[in-house]
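# Overview (structure and organization)
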Amino acid sequence: MTAQAEIERAEETETMTVREAIRMALREELQRDEDVYLMGEDVGKFGGVLEVTGGLWEEFGDERVRDTPISEAGFIGAATGAAATGTRPVAELMFSDFMGVSMEQIMNQMAKMRYMFGGKTGMPVTVRTTEGGGMGAASQHSGTVHAWIAHFPGLKAVAPGTAAAAKGLTKAAVRSNDPVFVFENKMIYEQQGEVPTDEEFTVPLGEAAVEREGEDVTVVATQRLVGESLQTADSLSDDVSVEVIDVRSLYPLDTETIADSVRKTGRLVVADESPLSYGVHAEIVSRVQEEAFFSLDAPIQRIGTPDTHMPFSPPLEQEVLPDGDDVREAIELIT
Amino acid sequence: MADYTLETEEGRREALRRMLTIREFDSTAGDYFADGEIPGFVHLYIGEEAVGVGACAALEPDDYIASTHRGHGHCIAKGLDPQLMMAELFGKQDGYCNGKGGSMHIADVDAGMLGANGIVGAGPPLATGAALSIDYDDREQVAVGFLGDGAVAQGQVHEAINLAATWDLPAVFVVENNRYGEGTPVEEQHNVDDLSDTAGAYDIPGVTVDGMDVTAVAEAVEEARKRARSGDGPTIVEAETYRYRGHYEGDEQPYRDEDEIEKWKEQDPIDRFSDLLIDRGELTEEELEEMRSEIEAEIEEAIEYAQDAPLPDPSEAYEDMFAEMPPEIERFASQARADGGSLGGDRR
């Protein structure tokens, strides 16, 4: 289904920011299911350092919205143990760069317990975390690490590019009986969009959305680069018809929607903020060449972070941060 | 009511039976591993039986435990079935984890066993999480995290105990100080004399007990359980015990000598407890021998069961990854089934 069709099917929508959409998703899921609770550093009274959980502590109290010690291995491990024993924790990792601090519990426990135990446990845990450069936060607070999780067997990963996707994916993650990581690009928290207000609106894991239909080239984008690609597509509309897909779910990945689009357009640009080597771009490119190689009319282009960390100084950060201009150059190169 | 308790004669006999079962299970597993019938590695619990059994004697059946590398003893103490455990060691479909876990990962979450663990120090965060679920749902349970002396040095162990202490969760952390972290003596890994001293950092009680005495372990864990249930948070119970075998089977143990092992064997937890029961007139030598023979037969049956059990079908390799199988795995799973289990060549 295209994103437009999803919005049109929804009976009522409201314009809101990505931040508000995620908060709405969390509020609705807390109201819907008593097994669900939030935990993380400063998610409570403080409302989250990037204000996503603001107001939820006041509404739901200490039991449902829990401030943890600065202790990622401890609380991500506890969320894992809790998920195996009958509750549904939603843990916030303040910045995805802190993932490494808790990686043992993620890799060896959360991801493997169901499999190692022969299916004899559920793992209904959600981990929300922030990603991305653009606010001068320097290397340890600007990483885009979602390829680590999407690559690792036993974990699911989503990365919304619109406000509607942010709400729908967050709710699907909380409802899933599998461990799901929600990667929120912090530069789009203020981005606005139409969001279905239906409390049952979810975006199923593993479904990409065609955000803009086009005929000449497909841009498969994630997170902030979805919006930038849409703007670029509009600005090029006199010369080239660009189809833009929001990947939304990194694992499972909707190969069919992407391959169908490439079969139609014959050209592909993959735009994702993560480092270029061995990552999300490579996976999408591989699947397209497996599924639609003979439909390709031009070399596939990749837009991402050169294999650098995110530097601090604004001209350096702007140099390495991929944006709509990079997408434009890539489109022009192959059309 | 607990499965068994050291407060009744019947319960004490059951505790002895479980200690004997652990020893027989593990010595037999060691033999079959040496013969090459059991794949991978095994880490045996022999010598430490009083700790697992003493701790589990203080628990209710639905309490949770999270285990260590050396998990067979905890499984038997918790009441898991030796047949299904042995089948798991042999990599068979009928094992607890359908042959996907093996010795280091035997688990039965429904029975309150959150898994043996291949990662040193990884169990305590899971126990804290189980205690979080218990607390969140106002259930009448506790969660026990077992850890070895080596794991006390792990960062995630500190984080787990700190979180449980900060939130007053119904958790108990049982440190099995068996004198060696893999091949390094405990004195070379820690600066404190008693590993329970670390409890001071969390403002929780820490006690060190004789881990070769099943009664002492049970009493300490019972006290810790009461405290946990009353909402006062976790306790660290250090049980001083000794690992008779190497870190793993096949370990040549250049780090210690036979005299040391023999000296500890004088304190053997099974002999001490059976002697106590005989002295009290609760058990006769004949009954003890009968119990040993029954257990030998039981473990022999477990071996036969494991040997005869079917191996998993190769297509099982694709099961159990997720509650909902994604297309990425489904394509392999459907191919394996179509091939009757053999994957090869073009997998698409």
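Within each chain, residues carry numbers counting from 1 in the order of the written sequence. Each chain is given a letter, starting from A, and each ligand a number, starting from 1, according to the order in which they appear as written. Note on the predicted model: pLDDT of at least 70 is required for a residue's local features to be given, and 80 or more for side-chain atom pairs to be given and counted; whole-chain, interface and lining totals, by contrast, use all residues. Excluded from the side-chain calculations are hydrogens and water; all other atoms, namely the structure's heavy atoms, are used.

- The name given to chain B in an unreviewed UniProt entry is Thiamine pyrophosphate-dependent dehydrogenase E1 component subunit alpha, with Haloterrigena gelatinilytica as the source organism.
- The annotation that UniProt attaches to chain B under Cofactor (unreviewed entry) is "thiamine diphosphate". UniProt positions are given in the numbering used here, feature names are shortened, and annotations may be inferred rather than shown by experiment.

- Per an unreviewed UniProt entry, the recorded name for chain A is Alpha-ketoacid dehydrogenase subunit beta, and the organism is Haloterrigena gelatinilytica.
- UniProt annotates chain A under Cofactor (unreviewed entry) with the comment "thiamine diphosphate".

## Points about the nonpolar core
- Working definition of a nonpolar core: buried Ala, Val, Leu, Ile, Met, Phe, Trp, Tyr and Cys residues. They are joined through side-chain atoms within 4.5 Å. Exposure classes here rest on a 1.4 Å probe applied to the protein chains alone. A residue is buried below 20% of its type maximum, exposed above 50%, and partly exposed in between. Met39, Met99, Ile106, Met110, Ile149, Phe181 and Ile284 of chain A are the most contacted members of the largest nonpolar core, which totals 113 residues.
- Note on conventions: DSSP H or I runs of at least 4 residues are helices, E runs of at least 2 residues are strands, and numbering of each starts at the N terminus. With seven residues, the top contributor of residues to this core is helix 5 (residues 123-137) of chain B.
- Whether two residues are in contact is decided by their heavy atoms, any of which lying within 4.5 Å being enough. Ile106 of chain A has contacts with Ile76, Met99, Ala111, Ile149, Leu155 and Phe181 of chain A, leaving out every residue within four places of it along the chain.
- Grouped together as the second largest cluster of nonpolar side chains are 70 residues, Ala50, Val53, Ile295 and Ala306 of chain B included.

## Brief notes about the packing of helix 4 (residues 72-83) of chain A against helix 5 (residues 103-110) of chain A
Residues and elements named next belong to chain A.
- Look at helix 4 against helix 5: their axes get within 8 Å of each other, and the N-to-C directions meet at 20 degrees. The orientation of helix 4 relative to helix 5 falls into the category roughly parallel. The two elements helix 4 and helix 5 cross, and the hand of that crossing is right-handed. Every residue of helix 5 that contacts helix 4 at Ala73, Ile76, Gly77 and Thr80 is listed here: Gln105, Ile106, Gln109 and Met110. Working convention: axes come from line fits to C-alpha atoms, limited for helices to the stretch in contact. Angles between N-to-C directions cover 0 to 180 degrees. For classification purposes, angles smaller than 35 degrees are called roughly parallel, those larger than 145 roughly antiparallel, those between 65 and 115 roughly perpendicular, and all remaining angles oblique. Two helices cross in a left-handed way if the nearer one is turned anticlockwise from the farther one by less than a right angle. They cross in a right-handed way if the turn is clockwise.

## Observations regarding helix 10 (residues 255-265) of chain A
Residues and elements named next belong to chain A.
- Turning to helix 10, its buried residues are Thr255, Ile258, Ala259, Ser261, Val262 and Thr265. Summarising the axial view, the buried residues of helix 10 lie within an arc of 160 degrees, below the 170-degree limit, and thus occupy one face.
- Looking at the buried side of helix 10, the elements it contacts are strand 10 (217-221), strand 11 (242-246), strand 13 (268-275) and helix 11 (280-292).
- Backbone geometry just downstream of helix 10 places Gly266 in the positive-phi region, at approximately 80 degrees. Directions drawn from the helix axis to the C-beta atoms are what define this arc.

## Let's talk about the confidence of the model for chain B
Residue and element names in this part refer to chain B.
- This prediction gives chain B a mean pLDDT of 95; 96% of its residues lie at or above 70.
- Low pLDDT (under 50) marks residues 341-348, which in the prediction has 17 contacts with non-local residues, meaning those over four places away or in another chain.
- Predicted complex metrics record ipTM = 0.94 and pTM = 0.95. pLDDT measures how confident the predictor is about each residue, on a scale from 0 to 100.

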